[in-house]
2 protein chains.
Amino acid sequence: MARRNALKVTRAENFADWYQEVIDAAVMGEPSGVRGCMIIRPWGYAIWERIQRHLDDMIKETGHENCYFPIFIPLELIEKEAAHVEGFAKEMAVVTHHRLAASEDGTLEPAGKLQNPLIVRPTSEAMITNAFARWISSYRDLPVKINQWANVVRWEMRPRLFLRTTEFLWQEGHTVHASPEEADEEVRQMLECYRALAEDFMAIPVIRGVKSEGERFPGAVDTHTVEAMMQDGRALQVGTSHNLGQNFAHAAKISFLDKDGSQQTPHTTSWGASTRLIGALIMVHSDDDGLRLPPRLAPQQVVIIPIDRDESRRDEVHKACHDLAAKIKGQVFAGETMRAKVDDREMKGSDKRWGWVKKGVPLVLEIGPRDLDNGVVAIFHRDNLDAGTQSTPVEDFVANLSQTFETMQQGMFDAAAGYRTEKLITEAKTLDEMRAFFEKDQGFVRAKWCENVETEEVLKNFGVTVRCLPYDQSDTEGVCIVTGKPATTDAIFGKSY
Amino acid sequence: MARRNALKVTRAENFADWYQEVIDAAVMGEPSGVRGCMIIRPWGYAIWERIQRHLDDMIKETGHENCYFPIFIPLELIEKEAAHVEGFAKEMAVVTHHRLAASEDGTLEPAGKLQNPLIVRPTSEAMITNAFARWISSYRDLPVKINQWANVVRWEMRPRLFLRTTEFLWQEGHTVHASPEEADEEVRQMLECYRALAEDFMAIPVIRGVKSEGERFPGAVDTHTVEAMMQDGRALQVGTSHNLGQNFAHAAKISFLDKDGSQQTPHTTSWGASTRLIGALIMVHSDDDGLRLPPRLAPQQVVIIPIDRDESRRDEVHKACHDLAAKIKGQVFAGETMRAKVDDREMKGSDKRWGWVKKGVPLVLEIGPRDLDNGVVAIFHRDNLDAGTQSTPVEDFVANLSQTFETMQQGMFDAAAGYRTEKLITEAKTLDEMRAFFEKDQGFVRAKWCENVETEEVLKNFGVTVRCLPYDQSDTEGVCIVTGKPATTDAIFGKSY
C-alpha cells in the first residue's frame, strides 16, 4: 500500500488544486482549448449519464414529458425578457454571421451577416414561455409539464471544470398550472426529487430551504433550494426549483379560458440541475487518493483485475475473473443490475489497481493463481484503503455484496453528514461573531435573521450569503444576527461556490 | 369510422404537404421562429428517446464509451480542416461577441468582441481528432472508441422539420485503430448497428452498400451507408459509417509508438445518425390517417380510453382500464416491458381515439360498461382501421398481445419492403431509359456502372445520384448504364432527400 495519498496535492494543502487533480487523476474531463468550455471524458460522462438517467426517471414518474427547444434565441426575445427581469445576465454568446468565406490572404472570415443576431441559449426559459403562449388557450390544456436536457452557454470569466464552465449540460423543467396551490405543490415536489437525487443516490446530505430575496431567481415569487456543504466548508447549490407566480405568464401573455368562462393568467414554475452536480460529488466525497463514488451512482461498482504473470495459469485466472463478473452482474442492488467489469488490459496489475482507486470504483478485486487455489478473492475497499488487501472466500463475497454496497452508500452519506455537523455553527449571535468565524474558518452559520434585503449587502462585504431559510425552522423568537432587531426566521449563512 | 383519411392532404395529392401534416397532426414538432430551428414536442422527442436509447445500447455493447465535446470550435481549427478537406461546408453559425449591451436607443446589441471568432460545431470531428493527438502516444492507448450525443448546426436555406434543420440532434462516433483491418471491421460493425436499428427496431428495410467517389464523405477512404426508400420512391440515407484511413490522422498529427518501437500513423473512423431518422420513419410508415409506429419503437404501445358517460359506472370502468394497463405493463415484448397508458382526460372519446390514431399508437382500446359486462375490450388496430372496432375477450387480448405486436412489426416491415420492390427497377439498360423512368416516376434503378466520377455529374443534371454500390453484388459482367463501357459494379441510382 506504498502509494496511499496517491495525489500530489492534499485537500489540506490546497483545496482548489486538489479538486483539479482529482479530475485529472480520474480522467473525467479537461479544458478544450475553447475558453471556459470543457471536454467531458468517458468516466466523467458515464457519471453524468448515471445522474441523468436517475433524475430523468423521477422527472417522468412525476408526470413530466421531455422535449427540445432550439440552441438559438432571437435577440428580440431576449430584449423582451431583459425589460421585465431585473438581474438579467448579459454574458452570452452572440451569433452574428452564418457563413465562413475565404479572405484575400486565404484565411477564413465571418460572412453572411444576419439581419438579427441570435443568442446561444443561456436557458430556454424565454423560448419555452413564448411557446406556452401559443399552446395554451383553455383549462383543458393545463397543466403543461415539460422538461428539457440540453447544453447552455453563459460566458464565464473564471472557469473551473464542472463547477463553472461557459458551456454546461443541464435539465430545465417548465410547468404551467391553473392555480397557485398546484404551482406550489409542483415546486416542492421537484425539490424533493433533487433531495432524493442528492441524498439517496449521490450520498450527499442537503439542507432544504427557501432562498432570501437577494438570492432568489430574478422574477420568481419563491426559489426553493437544496444546499450541500463541501469538505472545505463552502456551500454548493445542488438544485433549485422556482415558483414564478404569474410574473412570467403576464410578461409572455399566457392566458387560459377557465371552466367558468373567465379569462385567467396561469402560474408557472421552473427547476433545474446541471453538471455542477459532478463538482459537488467530487468535493463532498473524494479524498487524498482521488475520487470516491457511492455504489448506487458508480458507473462500475466492481472492477476485477486478473493477476496473470504466470503464463501457465493465465487462461484459468481470466476465466475465473469473467465467471465472477457474470455472477455479480446477475445480482441486483437498489433495484438495478450490478455493474462489474474485468480489466484485462496489458498493463501492470498495481497500475490498474491505483487507476481504478483514483476513479473512485467502490470495490477493486484481484484474482491470481494462489487465490484460485484457496477459493478466495483479494478485495480493495475504496472506503478503507488502510485495511489493504482483504482476502475473502468468493462465495461469501458474492453473498454479502448487496449488503456491502448498502453499508458503503450509508457510510459515505454519514461521513458527509458528519463533517457538515462539525462545521455547522450555531453559537454566533452577532455580526461580529459571524465575521470572526468566517475570517478564520469555513462552514455554515445557523442563526436568526430579519430577512431585510439590505442586510444581505452587509454580508456580501465579507463574502457571505444567505444560503437558505431552512424548511426545518425552530419557530422560536430571537434577534437578527445582523441588525439585532426582532428576527423573522432561522437562516443558514455561508460562503458559496 | 366516418373519420378515415383523417388528414386534409393525402400522399397521392401532395407528398410534401402530407409530410408536414402528419407532423402537425401527431403534435411531434413545429417551427420555432428561429430560421431552420425546430421545437421537438413531447411525442416527437419520446420517439427520438426510443431511437436514441436503442442505438446507445448497441453502441455501448460494441465497446464504445460516450463523452462530450464543446459546442464551440475555434476558427483556426476549422481553417486547418478546410485546408485539407475538399468538400468543406461553409454554412455555419459564427459567434463573434460574448456580451449584450444596451445601445443608446435602449435596445440590446452585441458587445465584447472576441479576438478570434468561434464556430458553432457542424460536427465535433475537428475537436475530437485534435484531442486524439493529445491522448494517443502508444499502441497501449489503442483502440480509442468514443461516441457523442449532441446538437449540431449547419445553416439550412430550405429547412424542413426533422429532415433538414439548421440545428439537429445526432450521435457521432469516432474511433482510432492500429491497423487498417481493425478500422474496416469497426466501420462494418457500426453499419450493422444502423441496419439493425432501421430494420429490426424501426421496421424500415434498407440497402447496405458503399458510396461512390462523388458521394463519399470528404476525406474518407470508404463511406458505408444504409439507404431506405420513402413511399414516394425517393431515397433517404439512414446512417453512414466512414473509414477515414490515415487521412485525418495525418492531418491532425496523430501517431503512436508501436510494439516494435516504430512510430506509426493510426487509422480512424467516424459514423453517425440523426433526427433525420424521424423523417424517414414518417415517410416510410405513415398513411393518410397520420403517423404509424412499429410496436418496438412506439413510446406507447397501447392506449386505453374509458367510455364513461354513464356516471353510475364511471369508477368501475376506470378501474377496469387501469387494471388492464397494469396487466399489459406486466408483460414483455422484444425484451422490454410493454408500454401502456390510460387516457383519462376530460374529452370526447372519439376525439381521444383519433388523436392517438394520428399519433400512430399501435393499439387503441376502449372500455365501456357494456364491454365490462361482456368481458371484452374494443380494439382499434392502427394497421387495420378498415376493420373498425374489434371486440375481443380481455383474456384473449392479453394472452395474444406479444404475438399481435410481433405480427404488426413484421407487417410494417413487409409493407415497406413491398413498395420498395415495386419501385426497384432493373429493366433500364441505357442512360435514356433511366432518364425516361425518372421523368415520369420515382424509385430506385439498379444497373451496371463503370464508377467513373464524371458520370455522376451527368446524372446530377436530371437530379439522380448513385445511392450506393450494394454489398449484395451480382458479380456478373455487363456494360455501364451511363457510358456503355464495361461496368465494374452494380449500383443503385435514385433521387434523394
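Residues numbered from 1 in each chain as written. Chains lettered and ligands numbered in written order. Predicted model: local features only at pLDDT ≥ 70, side-chain atom pairs only at ≥ 80, totals over all residues. Heavy atoms only, no water.

Q: Quick rundown of the packing of helix H2 (residues 42–61) of chain A against helix H7 (residues 276–285) of chain A? Include the residues and the values.
A: Packed helices, taken two at a time, are described by the angle their axes make and the gap between the axes. All names here are of chain A. Look at H2 against H7: their axes get within 10 Å of each other, and the N-to-C directions meet at 105°. By the angle between their axes, H2 is roughly perpendicular relative to H7. Between H2 and H7, the residues in contact are Gly44, Ile47, Trp48 and Ile51 and Leu277, Ile278 and Leu281, respectively. Split by residue class, the contact of H2 with H7 holds six nonpolar, one polar and no charged. (Axes fitted to C-alpha atoms, helices over the stretch in contact; angles between N-to-C directions. Helix = DSSP H or I, 4+ residues; strand = E, 2+ residues; numbered from the N terminus. Parallel < 35°, antiparallel > 145°, perpendicular 65-115°, else oblique. Contact = heavy atoms within 4.5 Å. Nonpolar A, V, L, I, M, F, W, Y, C, P; charged D, E, K, R; others polar.)

Q: Could you give me a rundown of the interface of chain A and chain B, with the residues and numbers involved?
A: Size of an interface: often given as the accessible area lost when the parts come together. Taken together, the contact pairs 64 residues of chain A with 64 residues of chain B. Together chain A and chain B conceal approximately 5,500 Å² of surface at their shared face, both sides included; 62% is due to carbon and sulfur atoms. Counting the surface chain A buries against chain B, the share from its top three residues, Tyr68(A), Leu100(A) and Leu108(A), is 13%. There are six salt bridges connecting chain A and chain B. With a closest N to O distance of 2.5 Å, Arg99(A) and Glu91(B) form a salt bridge. Seen at the junction of chain A and chain B, the total is 36 residue pairs in polar contact (both at pLDDT 80 or more). Counted by class, the side of chain A that touches chain B contains 40 nonpolar, seven polar and 17 charged residues. (Buried area = accessible area lost by both parts, 1.4 Å probe. Salt bridge = Lys/Arg side-chain N within 4 Å of Asp/Glu carboxyl O. Polar contact = N/O pair within 3.5 Å; in protein donor to acceptor, adjacent residues only side chain to side chain.)

Q: Run through the pattern of salt bridges, naming residues and quoting values.
A: Pairing between side chains of opposite charge can happen when their charged atoms approach one another. Inspection of the entire model under this criterion finds 60 salt bridges over all chains. For Glu227(B), the salt bridge is made with Arg467(B), and the minimal N-O distance between the two is 3.0 Å. Note that Glu227(B) is positioned in strand E10 (residues 222–229) and Arg467(B) in strand E24 (residues 465–470), a separation of 240 residues in sequence. Each of the salt bridges in this network shares a partner with another, and the network as a whole consists of Glu192(A), Arg195(A), Glu199(A) and Asp200(A).

Q: Break down unusual backbone geometry for me, citing the residues and quoting the values.
A: Residues and elements named next belong to chain A. The omega torsion across leucine 142 and proline 143 is -10°, close enough to zero to call that bond cis. Here proline 143 shows up in the loop between helix H4 (125–135) and strand E7 (144–153). One non-glycine residue, lysine 253, lies in the positive phi region at around 55°. Within the secondary structure, lysine 253 is located in the loop between helix H6 (247–251) and strand E12 (256–257). Unlike most non-glycine residues, glutamate 451 shows phi in positive territory, near 70°. For glutamate 451, the location among the structural elements is in the loop between strand E23 (444–449) and helix H13 (453–460). Assessed through its relative accessible area of 35%, glutamate 451 is described here as partly exposed. (Buried < 20%, exposed > 50% of the residue type's maximum accessible area, 1.4 Å probe, protein only.)

Q: Describe the nonpolar core, and please don't skip the residues or the numbers.
A: Residues Phe72(A) and Phe72(B) are the most contacted members of the largest nonpolar core, which totals 74 residues. In contact with Phe72(B), other than residues within four places in its own chain, are Val34(A), Cys37(A), Ala93(A), Val120(A), Val153(A), Trp155(A), Val95(B), Leu118(B), Ile119(B), Val120(B) and Met127(B). Counting 72 residues, the second-largest nonpolar core is a separate cluster that includes Met28(A), Leu161(A), Ala196(A) and Ala150(B). (Core = buried A, V, L, I, M, F, W, Y, C linked by side-chain atoms within 4.5 Å.)

Q: I'd like to hear about the packing of aromatic side chains, residue by residue, with values.
A: One pass over the structure, following the stated rule, counts 22 aromatic pairs over all chains. Their ring planes at 75° and their centres at 6.0 Å tell us that Trp48(B) and Trp149(B) sit as a pair that is edge-to-face. Of this pair, Trp48(B) sits in helix H2 (residues 42–61) while Trp149(B) sits in strand E7 (residues 144–153); the two residues are 101 residues apart in sequence, bridging distant segments of the chain. Just as Trp48(B) is buried, Trp149(B) falls in that class too. Taken together, Phe69(A), Phe132(A) and Trp135(A) form an aromatic cluster joined through their ring pairs. For the cation-ring pair, Arg188(B) lies above Tyr471(B), with the distance from its terminal atom to the ring centre recorded as 5.7 Å. (Phe/Tyr/Trp six-rings, centres within 6.5 Å; stacked < 30°, edge-to-face > 60°. Lys NZ or Arg CZ within 6 Å of the ring centre and 35° of its normal.)

Function cannot be read off these values alone, since they describe shape.
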